[in-house]
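Structural features, examined
Below, each chain spelled out in residue letters.
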Amino acid sequence: MSTPVPPPPPPPCSAGKGEAPPAPAYTAALPNDARALLSDAQFNDVLGTVLDNNPGMDISMGSRIVVEALKFTAAAAKFPTVRIAPTREVDEGWHALILHTHLYALLTGRLGRFVHHYPERPDPSRHDPDVLTRTVALIEQAGYTPDPELWVAPNRTLVPVAANCSHTPVPGGCGPINPGGCATHGGGGDEGE
């Protein structure tokens, strides 16, 4: 008499409501080319979202925006206690990544932690002049070379984009991308999940 073989585990898509499928273990070093963080099909899906949201945008510009969003996400995951922020152009790519929720959950899982997004309407009075310098430096520390044309102050945008939120400190409190236990870009707790 043979011993019955147990059925295989269910596929990731059968996770319970509200549960993200488990991220695959990622033991190899992450690529220095942020574009390589996504397969061609995944990248093209995210690029399509950027282009759909910005009619008339050149494909090469949309690609640059998505690549910078990947670099930003990697830096945010690697340095969760440092307040950083994307430019509006890079934010457009980050929004597109986030809209692909399953892909985004897998990506941030491979990067080491989920990177939350806490948007607020733009307000020049909250602009932190050092946040972009800090963000670019951390992208470099994460092993990537930032595209300098896409990391400029809000008054020097390269291309108009649909993204219309700002990632700056709220006066008198913690901001949408801020270190610590409140509203952090890189996780740290289960608040708000």
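Refer to the structure printed above.
Treat the numbers as computed from the prediction; the structure is a model and nothing was measured.

Cut-off values and rules
Residues numbered from 1 in each chain as written. Predicted model: local features only at pLDDT ≥ 70, side-chain atom pairs only at ≥ 80, totals over all residues. Heavy atoms only, no water. Helix = DSSP H or I, 4+ residues; strand = E, 2+ residues; numbered from the N terminus. Buried < 20%, exposed > 50% of the residue type's maximum accessible area, 1.4 Å probe, protein only. Contact = heavy atoms within 4.5 Å. Areas by Shrake-Rupley, 256 points an atom, 1.4 Å probe, with all protein chains shown as cover. Salt bridge = Lys/Arg side-chain N within 4 Å of Asp/Glu carboxyl O. Arc of directions from axis to C-beta. Axes fitted to C-alpha atoms, helices over the stretch in contact; angles between N-to-C directions. Parallel < 35°, antiparallel > 145°, perpendicular 65-115°, else oblique. Nonpolar A, V, L, I, M, F, W, Y, C, P; charged D, E, K, R; others polar. Polar contact = N/O pair within 3.5 Å; in protein donor to acceptor, adjacent residues only side chain to side chain.

1. Things to note about the overall build of the chain
- Secondary structure assignment for the chain yields 5 helices and 0 strands.
- Ordered by position from the N terminus, the helices and strands of the chain form the series α-α-α-α-α.
- The buried share among the 193 residues of the chain stands at 42%.
- Once local pairs closer than 6 in sequence are excluded, the contacts in the chain between residues at least 24 apart make up 74%.
- Carbon and sulfur atoms make up 57% of the accessible area of the chain, which totals about 10300 Å².

2. Digging into the pattern of salt bridges
- Within this structure, the stated rule accounts for 4 salt bridges.
- Ionic pairing is found between R35 and D40, a salt bridge with its closest N-O pair at 2.6 Å.
- The exposure class of D40 is exposed, given its relative accessible area of 54%.
- Salt-bridge contacts for E149 lead to R64; the nearest nitrogen and oxygen are separated by 2.7 Å.

3. Some details on helix 5 (residues 131-141)
- Those residues of helix 5 that fall on the buried side of the exposure criterion are V131, L132, T135, V136, L138 and I139. Along the axis of helix 5, the buried residues cluster in a sector spanning 165°; they form a single face. Residues T133 and Q141 are exposed on helix 5 and point more than 90 degrees away from its buried face.
- Where the residues of helix 5 are buried, they touch helix 2 (59-78).
- Within two residues after helix 5, G143 carries a phi angle of roughly 100°, on the positive side.

4. Focus: the packing of helix 3 (residues 88-99) against helix 4 (residues 101-111)
- Relative to each other, helix 3 and helix 4 sit at 105°, their axes nearing to 5 Å. Comparing their axes, helix 4 and helix 3 come out roughly perpendicular. Contact residues: helix 3 offers W94, L97, I98 and L99, while helix 4 offers T101, Y104 and L107.
- Across the contact of helix 3 with helix 4, the residue classes break down as 6 nonpolar, 1 polar and no charged.

5. As for the environment of H117
- Locating H117 in the fold gives a position in the loop between helix 4 and helix 5.
- H117 sits in the partly exposed class, given a relative accessible area of 22%.
- Between the C-alpha atoms of H117 and H95, which are 22 residues apart in sequence, the distance is 8.7 Å.
- Separated by 3.0 Å, the side chains of H117 and H95 make a polar contact.

6. A few points about the environment of A96
- Mapped onto the secondary structure, A96 falls in helix 3.
- Put simply, A96 and V50 are 46 residues apart on the chain and 5.9 Å apart in space, counted from C-alpha to C-alpha.
- Filtering out sequence-adjacent residues up to four positions away, A96 remains in contact with V46, T49 and V50.

7. Examining the environment of L107
- By the secondary structure assignment, L107 is in helix 4.
- With 69 residues separating them in the primary sequence, L107 and L38 have C-alpha atoms 7.9 Å apart.
- Here L107 is in contact with L37, L38, L70, T73 and L97, once residues within four sequence places are set aside.

Nothing here speaks to function; it is geometry throughout.
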